[in-house]
Amino acid sequence: MPDQKTAKEGLKFRESVDRMVDHAIEIMNLDDGIGEALKSCASVLQVSFPVEIDGKPEIFTGWRATHSEHRLPSKGGIRFAPVVDQDEVEALAALMTYKCAIVDVPFGGSKGGLVLDPTKYKRHQLEAITRRFARELIGKGFLSPAQNVPAPDMGTGPREMGWIADTYRQLFPDDINCMAAITGKPVEHGGIRGRNEATGRGIQYAVRELFRHPEEVERAGLRGGLDGKRVIVQGLGNVGYHVAHFLTTEDGARVTGVIERDGAVLNPDGLNVDAVRSHIRETGGVKDFPGATFEPDGSAVLEHDCDILIPAALEGVIHENNAPRVKANLIVEGANGPVTYEADSILQDRGIPVMPDAYCNAGGVTVSYFEWLRNLNHVRFGRVEKRFHEARGNQIIRAIEEATDTTVPASLRSQIAKGADEFDLVRSGLDDTMRLAFQEILSARERYEGARDYRMAAFIVAIEKIARSYRDIGY
Ligand code: GLU
């Protein structure tokens, strides 16, 4: 993951998102002021609080922006990063609004950020900071199961979500739905199986869906399936790792480059993603990873030849300066906002399709939705019906065997008689969500002549749904 933001000179992130929305509204010919309503951020909270670090108070500053409340709760992650500000949090909250609408998750959009480099603090210090931030958010009405439900984002994960959930529970022990105040929790503490890898898994499902449409594959100047396709991934964090792992181990793709903070590693025959990840964990970077070429200028590798480029680290890494040199056939936005507004139109003119963040990284919030439902239902998916379906499957096998006087092969037998568990159901729900959303995006592109690309079509899908809800129930 690169240390620096490379698009600082260009439009601010929030302006970039607003321009995309303006463009979509223009294409849709919406002139009833809905655009202004859509772009405004409903509320933003800024907090500063002291926490004792090594015997001295240190002041931490954070934000939580609620972009929309047409559906409640508002939803979106909390990031801990050394560089984060209100503009970024508002832009990310807006993206959450569109993201939820695209994948039909009935939530508004929100996002939080705390200026903090998690690598600089010990575990107990991080716990104290996280719990204090949670108390600030709860106290100001920016965290509750009904109104605003955070989740992991950059620099946070199940551990932090567990601390936040516990803080909420301690403050509201009478709230029977307290576990639904936050998603992305550890599975042993009210989380759902499959949430941790959900964003990466969702990207895999999105890419698979594109490859089910030969005309879309051709648009990207590619042929055939995912097997053997060359993939470059920027950032081997939770999102980048999982998508790279699944594409290589399940779809036969080759990860020919991994870009990290300290540079990039390259191997045209394909890297072992799990081995690269272990190397990063052990040494702090990709340098000296055996059997690969090291390139100290990681961002230069964004311009290397490959079939699929997946920027899964920071925003603004593909900007107007490097977009003319990008050689990938297809860009898949794993991170939020990795391609700037200016870069987007350059790539469009060059005929390089971009699968937009608001669609393809929506797997995280989709499975967060399932987790929230699980918490409200107080039962894990599949618990009630799993054995029933197994028994029904066995009856079907017996019926087939009796009627045909043959034996059902063991491989089929286990598939027919399998009752779905939580993992299976989460995956199936996510797969269905990603497929349907892609089909809706293609249909919007058909319906609107000006929507040449996936991003515009995806924004149109979102705006149609949000505008409908605004018109029905007011703003
Ligand atoms: N932080 C993730 C995102 O940007 C997940 C949000 C959520 O699950 O609420 O989509």
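Note: the structure precedes this text.
Just so we're clear, the structure is a prediction, and the values are computed from it rather than from any experiment. (Residues numbered from 1 in each chain as written. Predicted model: local features only at pLDDT ≥ 70, side-chain atom pairs only at ≥ 80, totals over all residues. Heavy atoms only, no water.)

Visitor: Explanation requested: the overall build of the protein chain in the structure shown.
Guide: When its secondary structure is counted, the protein chain shows 16 helices and 12 strands. Scaling as 2.2 N^0.38, a compact globule of 475 residues should have a C-alpha radius of gyration of about 23 Å, and the protein chain matches this with 23 Å. The dimensions of the protein chain, computed from C-alpha atoms along their principal axes, are 75 × 60 × 55 Å. Counting all 475 residues of the protein chain, 58% fall into the buried class. (Helix = DSSP H or I, 4+ residues; strand = E, 2+ residues; numbered from the N terminus. Rg over C-alpha atoms; globule rule 2.2 N^0.38 Å. Buried < 20%, exposed > 50% of the residue type's maximum accessible area, 1.4 Å probe, protein only.)

Visitor: Sorry if this is basic, but what is going on with the sheet that holds strand β5 (residues 148-152) here?
Guide: In sheet architecture, strand pairing relies on hydrogen bonds along the backbone and comes in two forms, parallel and antiparallel. Pairing is mixed in the open sheet, where five strands are placed in the order β1-β2-β4-β3-β5. Looking at which strands have only one partner, the edges of the open sheet turn out to be β1 (43-53) and β5. Direction aside, neighbouring strands of the sheet carry axes that sit 25 degrees apart on average. Bridging between strand β2 (residues 56-66) and strand β4 (residues 108-115) involves five bridges; their strand directions are antiparallel. (Pairing = 2+ DSSP bridges. Axes fitted to C-alpha atoms, helices over the stretch in contact; angles between N-to-C directions.)

Visitor: Help me understand the side chain of T156 in this model?
Guide: Take T156: it is sitting in the loop between β5 and α5 (158-171). There is a polar contact of 2.7 Å between the side chain of T156 and the backbone oxygen of I78. The contacts of T156, once residues within four sequence positions are left out, are I78, R79, F80, A151 and M161. (Polar contact = N/O pair within 3.5 Å; in protein donor to acceptor, adjacent residues only side chain to side chain. Contact = heavy atoms within 4.5 Å.)

Visitor: Help me understand the state of the cysteines in this model?
Guide: Here is the idea: a disulfide is a covalent bond, and it sits between the sulfur atoms of two cysteines. Going through the model one piece at a time under the given rule, you end up with zero disulfides. A disulfide-free cysteine, C41 has its sulfur positioned 14 Å from the sulfur of C100, the nearest such atom. According to the relative accessible area criterion, C41 is buried, its value standing at 18%. Just so you know, C306 is unpaired, no disulfide at all, and the nearest cysteine sulfur is the one on C360, 15 Å from it. (Disulfide = S-S within 2.5 Å.)

Visitor: I tried to follow the pattern of salt bridges on my own but got confused; where do I start?
Guide: A side chain with one charge may pair with a side chain of the opposite charge, provided their charged atoms come close. Here the structure, examined in full by the defined rule, presents 40 salt bridges. Of the charged contacts in the structure, one is a salt bridge between R208 and E250, with a shortest N-O distance of 3.6 Å. Here the residue R208 occupies a position in helix α6 (residues 198-211), and E250 occupies one in helix α8 (residues 238-251), the gap between them amounting to 42 residues. (Salt bridge = Lys/Arg side-chain N within 4 Å of Asp/Glu carboxyl O.)

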